[in-house]
Amino acid sequence: MSSSTILSTIEFDTESEYFRATYDSTRDSASLAVVTVVSTALDRDPLNLTPLQSVIDTESLDELATETFTGHGTVDSISFCYEGVEVTVFGDGSIEADPTENA
């Protein structure tokens, strides 16, 4: 599955210096979206990244970020570090990745 089918777009916010993307949490997993955003932020092939499940419980991440009847995930946000990138997954189906933590 290509990143274009997982994420709407990945944008770089020059003012805040982080990458931001949205995904459809009723269709796509948060964990796959995280790998896609981080690989873009680092300009690396996703297959060359450490498996995400070695950093965070991906089943729990996906479950907590999946859209509920309210239109949001069951948590407001989940933050963690992956590949030296500070990642925040929001309950509204958006992800922020701050690669400056890698500096």
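Notes on the structure in this doc start here. (Residues numbered from 1 in each chain as written. Predicted model: local features only at pLDDT ≥ 70, side-chain atom pairs only at ≥ 80, totals over all residues. Heavy atoms only, no water.)

What describes a pair of aromatic rings is the distance from one ring centre to the other and the angle between the planes of the rings. Counted under the stated rule, the structure contains one aromatic pair. Their ring planes at 55° and their centres at 4.9 Å tell us that Phe12 and Phe19 sit as a pair that is tilted. Overall, the relative accessible area of 14% leaves Phe19 in the buried class. (Phe/Tyr/Trp six-rings, centres within 6.5 Å; stacked < 30°, edge-to-face > 60°. Buried < 20%, exposed > 50% of the residue type's maximum accessible area, 1.4 Å probe, protein only.)

This part takes up the pattern of salt bridges. Overall, the coordinates contain three salt bridges when judged by the stated rule. The closest approach of N and O atoms between Glu96 and Arg20, which form a salt bridge, is 2.6 Å. Taken as a pair, Glu96 in strand 5 (residues 94-98) and Arg20 in strand 2 (residues 18-23) lie far apart in primary sequence, 76 residues in all. Across the salt bridge formed by Asp28 and Arg27, the nearest N and O atoms sit 2.7 Å from each other. With relative accessibility at 54%, the residue Arg27 sits in the exposed group. (Salt bridge = Lys/Arg side-chain N within 4 Å of Asp/Glu carboxyl O. Helix = DSSP H or I, 4+ residues; strand = E, 2+ residues; numbered from the N terminus.)

For a regular strand, side chains alternate in direction, first toward one face of the sheet and then toward the other. Bridge count for strand 3 (residues 77-82) against strand 4 (residues 85-90) is six bridges, and the pairing is antiparallel. Its bridge partner lying in strand 4, Phe80 is registered against Val87. Connecting strand 3 to the next strand, strand 4, in antiparallel fashion are two residues, including Glu83 with a positive phi near 60°. The pairing of strand 4 with strand 5 spans four bridges and is antiparallel. Its bridge partner lying in strand 5, Glu86 is registered against Asp98. Here strand 4 folds back onto strand 5 in antiparallel fashion, the turn holding three residues, of which Gly93 has a positive phi close to 90°. (Pairing = 2+ DSSP bridges.)

For an α-helix the count is 3.6 residues per turn, leaving residues at separations of three or four pointing the same way. Given a rise of 1.5 Å per residue, 13 residues ought to cover 18 Å, and the 18 Å separating the end C-alpha atoms of helix 2 (residues 30-42) matches this to within 8%. The complete set of buried residues in helix 2 reads Ala30, Ser31, Ala33, Val34, Val35, Thr36, Val37, Val38, Ser39, Ala41 and Leu42. (Expected span 1.5 Å × (residues − 1).)

All quantities given are derived from atomic positions and should not be read as evidence of function.
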